[in-house]
Amino acid sequence: MFSFLLKGDTRAAPYEEHIKRKTLALSFVTVGELLLWPKIRGWGAARITELERRISLTAVIPYDMAICQTYAELKANLTKVGKPVPDNDLWIAATAVRHSIPLISHNRKHYDEIPELVLISETPKFLNLQMEIGETGG
């Protein structure tokens, strides 16, 4: 969702009420993903500086052993029940779970099944179901 804010994407609008008068926090993983953009898209210095400035306005949550343990626990439990989650998304979720903070994401599909995660998503659940049916060809 932070990427929507950076880009001025209209999909950020439904989340404005959720973040109003709040300090935005980003997982160290999210920051790594954001810093990847300029490297693969050939951004100029001014745009990179603006990205870094916007990131500096947030609270960046670093890793710690508790996040690592939370990640391992979530990964094991989700693997046992056959509900894999992409690794970076699971690290982001583990950060939120470990710190007991809600995760705001437009990517409901990757986060809906994660136990203990408080997810705020304006993506309708039925849209994810349609996407899954389309992906499987059913």
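This structure is a prediction, so every number in the text was calculated from the model and none was measured.

Peer 1: Got a minute to help me understand the overall build of the protein chain in this structure?
Peer 2: For the protein chain, the helix and strand inventory stands at eight helices and four strands. Sequence-ordered secondary structure for the protein chain, helices as α and strands as β, is α-α-β-α-α-β-α-α-β-α-β-α. When burial is assessed residue by residue, the protein chain has 32% of its 138 residues classed as buried. Counting contacts in the protein chain only where the partners sit at least 6 residues apart, residues at least 24 apart contribute 53% of the total. A total of about 8,600 Å² of accessible surface is found on the protein chain, and carbon and sulfur atoms cover 57% of it.

Peer 1: Sorry if this is basic, but what is going on with the nonpolar core here?
Peer 2: Most often, soluble globular proteins keep nonpolar side chains buried together rather than apart. Within the largest apolar cluster, 17 residues are counted, with the highest numbers of intra-cluster contacts made by Leu74, Leu90, Leu103, Tyr111, Ile114 and Leu117. Mapped onto this core, the elements with two or more residues apiece are helix H5 (65–80) and helix H6 (87–99). With six residues, H6 is the single largest residue contributor to this core. Not counting chain neighbours up to four residues away, the residues in contact with Leu74 comprise Leu90, Ala94, Val97, Ile114 and Pro115. Core analysis: the next-biggest nonpolar cluster, separate from the first, contains eight residues, Leu26, Trp43, Leu51 and Ile55 among them.

Peer 1: Explain the pattern of salt bridges to me, please; I cannot follow it from the model alone.
Peer 2: Side chains bearing opposite charge may pair, as long as their charged atoms lie close to each other. If you walk through the whole model with that rule in mind, you get five salt bridges. Measuring nitrogen to oxygen at the nearest pair gives 2.8 Å for the salt bridge that ties Arg53 to Glu50. With a gap of three residues between them, Arg53 and Glu50 both fall in helix H4 (residues 45–56), about one helical turn apart. Put simply, Asp87 and Lys75 hold a salt bridge, and the shortest N to O gap is 2.7 Å. Remark: Lys75 occurs in helix H5 and Asp87 occurs in helix H6; sequence separation between them is 12 residues. With a relative accessible area of 29%, Lys75 lands in the partly exposed category.

Peer 1: Looking at this model, I keep getting lost on the side chain of Thr95. Mind explaining?
Peer 2: With respect to the helices, strands and loops of the structure, Thr95 is situated in helix H6. A relative accessible area of 1% means that Thr95 is categorised as buried. Among the polar contacts listed, one links the side chain of Thr95 to the side chain of Ser27, at a separation of 3.3 Å.

The rules we used
Residues numbered from 1 in each chain as written. Predicted model: local features only at pLDDT ≥ 70, side-chain atom pairs only at ≥ 80, totals over all residues. Heavy atoms only, no water. Helix = DSSP H or I, 4+ residues; strand = E, 2+ residues; numbered from the N terminus. Buried < 20%, exposed > 50% of the residue type's maximum accessible area, 1.4 Å probe, protein only. Contact = heavy atoms within 4.5 Å. Areas by Shrake-Rupley, 256 points an atom, 1.4 Å probe, with all protein chains shown as cover. Core = buried A, V, L, I, M, F, W, Y, C linked by side-chain atoms within 4.5 Å. Salt bridge = Lys/Arg side-chain N within 4 Å of Asp/Glu carboxyl O. Polar contact = N/O pair within 3.5 Å; in protein donor to acceptor, adjacent residues only side chain to side chain.

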